[in-house]
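Observations on chain architecture
The primary structure of each chain is shown beneath.
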Amino acid sequence: MGKPKVLLLGAIDHAHESWNSLSSLADLVAPEARSRADFLAECSAGKFDGVVATYRTFASVEITGVFDAELVKLLPESLKFICHNGAGYDQVDVHACSERGIKVSNVPTAVDDATADVNMFLILGALRGFNTSMLALREGKWRGHPPPPLGHDPEGKTLGILGMGGIGRNLKKKADAFGMKVVYHNRNKLSEELAGGAGYVSFETLLSDSDVISLNLPLNKNTRHLISTKEFEKMKKGVVIVNTARGAVMDEDALVKALDAGVVWSCGLDVYEEEPKVHPGLVANPHVMLVPHMGTWTYETQLAMEEWNIGNVRAALEKGKLNNVVPEQAEV
Ligand SMILES: O=CC(=O)O
């Protein structure tokens, strides 16, 4: 019997040595396809037969499209493991994978620090309203004419973290240093130790009591548009909203309306509903902080993420199991 194969979807940018070391265990293959249609055709033609694990990147969606039921059905019989290089795995239909007996892993933990840093940067930038004057300076207008409204201090403000996973908990620690009072809502209340002093509140209370709301929850069918018109109506007038999770957990149209109505004072976004498209109402609003999905965009974090994901491919080859599986499959 020949060596098993590993399919690389996307690129290894940093952890070359670790990746190359897998070649003693498996043949490392890649698609020729540059489009979803061609990728599906390669799958159907049996090009990837013998592949047991795939390493996929977030950006590889530009070639294969999402790993939905249609695509998962065409993956080779031999494929048992999908290792996704990212914390958020909404590009992969985990249910379709489970039905075919395919285990899916993501990259938790390694992303936490860098993403929470961007989260804090967006909170500070949105509270202080820095964007307008940063734009004005580059246009030779110093702070702008008239100057922007005074910003707000984080000290003493209530930060409501929606989704208290690794990133939410990391953010909590950072927000402590800025004197914010942190509350959170999560599907499950955390132990005192994990909550680190953050108070557990209901979803409704988080909406109504927070000065700053941070979205740190995964995108799935239960969380799509979790924040929309009805939720904005429950928030404090002048609230600041920050999102480093996934754009579609918030209804962007409703956000733009809430900004225009002054219900939301400002927002800080790293993620958008239809990346790389950004809602024109956001682009046109100089007051908001917009970053093009750069939560994990540091050398250290990108390297750590690749190493983690390669570790999962290695575990699949050596032990026939992944080091971590996504929560939906934890009991499967
Ligand atoms: O968006 C980044 C990630 O999911 O890791």
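Here the structure is a predicted model, which is why all the values come from computation and not from measurement.

Criteria and thresholds
Residues numbered from 1 in each chain as written. Predicted model: local features only at pLDDT ≥ 70, side-chain atom pairs only at ≥ 80, totals over all residues. Heavy atoms only, no water. Helix = DSSP H or I, 4+ residues; strand = E, 2+ residues; numbered from the N terminus. Rg over C-alpha atoms; globule rule 2.2 N^0.38 Å. Buried < 20%, exposed > 50% of the residue type's maximum accessible area, 1.4 Å probe, protein only. Contact = heavy atoms within 4.5 Å. Areas by Shrake-Rupley, 256 points an atom, 1.4 Å probe, with all protein chains shown as cover. Lys, Arg positive; Asp, Glu negative; His and termini not counted. Charge placed at Lys NZ, Arg CZ, Asp CG, Glu CD. Pairing = 2+ DSSP bridges. Axes fitted to C-alpha atoms, helices over the stretch in contact; angles between N-to-C directions. Salt bridge = Lys/Arg side-chain N within 4 Å of Asp/Glu carboxyl O. Phe/Tyr/Trp six-rings, centres within 6.5 Å; stacked < 30°, edge-to-face > 60°. Lys NZ or Arg CZ within 6 Å of the ring centre and 35° of its normal. Polar contact = N/O pair within 3.5 Å; in protein donor to acceptor, adjacent residues only side chain to side chain. Right-handed = clockwise from strand over helix to strand, strands pointing away. Near = heavy atom within 4 Å. Domains from an automatic or database assignment. Buried area = accessible area lost by both parts, 1.4 Å probe. Core = buried A, V, L, I, M, F, W, Y, C linked by side-chain atoms within 4.5 Å.

Within the protein chain, the regular secondary structure consists of 14 helices and 12 strands. Relative to the globule expectation of 20 Å for 332 residues, the C-alpha radius of gyration of the protein chain, 22 Å, shows essentially globular dimensions. With respect to the principal axes defined by its C-alpha atoms, the protein chain has extents near 70 × 50 × 35 Å. In the protein chain, buried positions account for 49% of the 332 residues. Long-range pairs, those at least 24 residues apart, make up 67% of the contacts in the protein chain between residues at least 6 apart in sequence. Carbon together with sulfur atoms contributes 56% to the accessible area of the protein chain, which is approximately 16,100 Å² in total. Averaging the positions of the 34 positive and the 42 negative side-chain charges in the protein chain gives two centres separated by 2 Å.

Our next topic: the sheet that holds strand E4 (residues 81-85). The 5 strands are arranged E2-E1-E3-E4-E5 in an open sheet whose pairing can be described as parallel. The strands lining the two open edges of the sheet, one partner per strand, are strand E2 (27-29) and strand E5 (103-105). Put simply, the sheet's adjacent strands are angled 20° from each other on average, direction ignored. Of the pairings in the sheet, the one linking strand E3 (residues 51-57) to E4 comprises 5 bridges and is parallel in character. Opposite alanine 53, over in E4, you have phenylalanine 81 as the bridge partner. Lying over the sheet, helix H14 (residues 299-319) contacts strand E1 (5-9), E3, E4 and E5, oriented at roughly 170° with respect to E4.

Side chains carrying opposite charge are able to pair once their charged atoms draw close together. Under the counting rule described, the total for this entry stands at 15 salt bridges. Aspartate 68 is the salt-bridge partner of arginine 36, the closest N and O atoms lying 2.8 Å from each other. A residue pair is termed long-range when its members are at least 10 positions apart, and arginine 36 in helix H2 (residues 36-44) and aspartate 68 in the loop between helix H3 (61-64) and helix H4 (69-74) qualify at 32 residues. Accessibility expressed as a relative area gives 21% for arginine 36, which makes it partly exposed. Under the relative-accessibility criterion, aspartate 68 is labelled partly exposed at 25%.

All right, on to the packing of aromatic side chains then. All told, the structure shown has 3 aromatic pairs when counted by the stated rule. Ring centres of tyrosine 184 and tyrosine 200 lie 5.2 Å apart, and the angle between their planes is 65°; this geometry places the pair in the edge-to-face category. Taken as a pair, tyrosine 184 in strand E7 (residues 181-185) and tyrosine 200 in strand E8 (residues 199-200) lie far apart in primary sequence, 16 residues in all. Residue classification places tyrosine 184 among the buried positions, given a relative accessible area of 1%. Just above the ring of phenylalanine 67 sits the side chain of arginine 56; from NZ or CZ to the centre is 4.7 Å.

Within the secondary structure, asparagine 186 is located in the loop between E7 and helix H9 (192-195). At a separation of 2.9 Å, a polar atom in the side chain of asparagine 186 contacts the main-chain amide nitrogen of methionine 164. Looking at asparagine 186, its side chain comes within polar contact range of the main-chain oxygen of asparagine 188, at 3.0 Å.

Quick look at the pairing of E4 now. Counting buried positions along E4 yields 5 of 5 residues, so the element is predominantly enclosed. Because side chains alternate across E4, one face comprises the buried residues Phe81, Cys83 and Asn85, and the other comprises Ile82 and His84, equally buried. Remark: the E4/helix H5 (residues 94-99)/E5 crossover connection has right-handed handedness.

As a further point, take the site of the ligand. Every residue lining the ligand is accounted for by Gly86, Ala87, Gly88, Val111, Arg246, His293 and Met305. One of the backbone nitrogen or oxygen atoms of glycine 88 is found 2.8 Å away from an oxygen atom of the ligand. Contact with the protein chains removes 86% of the 190 Å² of surface that the ligand exposes when unbound.

All right, on to the domain arrangement of the protein chain then. Assigned domains within the protein chain: domain 1 (5-110 + 300-329) and domain 2 (112-290). Here domain 1 and domain 2 have C-alpha centroids that lie 32 Å from each other. Opposite the 6 residues of domain 1 that make contact, domain 2 presents 5 residues. Carbon and sulfur atoms make up 44% of the area that domain 1 and domain 2 hide from each other, which totals about 530 Å². The largest share of the area that domain 1 buries against domain 2 comes from Phe58, Asp90 and Thr109, three residues that together contribute 61% of it. The interface formed by domain 1 and domain 2 holds 1 salt bridge in total. The partner of aspartate 90 in a salt bridge is arginine 246, with the nearest N and O atoms 2.8 Å apart.

Let us now look at the nonpolar core. Ranked by internal contacts, the top residues of the largest apolar core, which has 29 residues, are Leu215, Ile227, Phe232, Ile241 and Leu255. Looking at this core, the elements that each hand over two or more residues are helix H10 (203-209), strand E9 (212-215), strand E10 (239-243), helix H12 (252-260) and strand E11 (264-269). Listed in part, the 28 residues of the second largest apolar core include Leu159, Ile161, Val182 and Val291.

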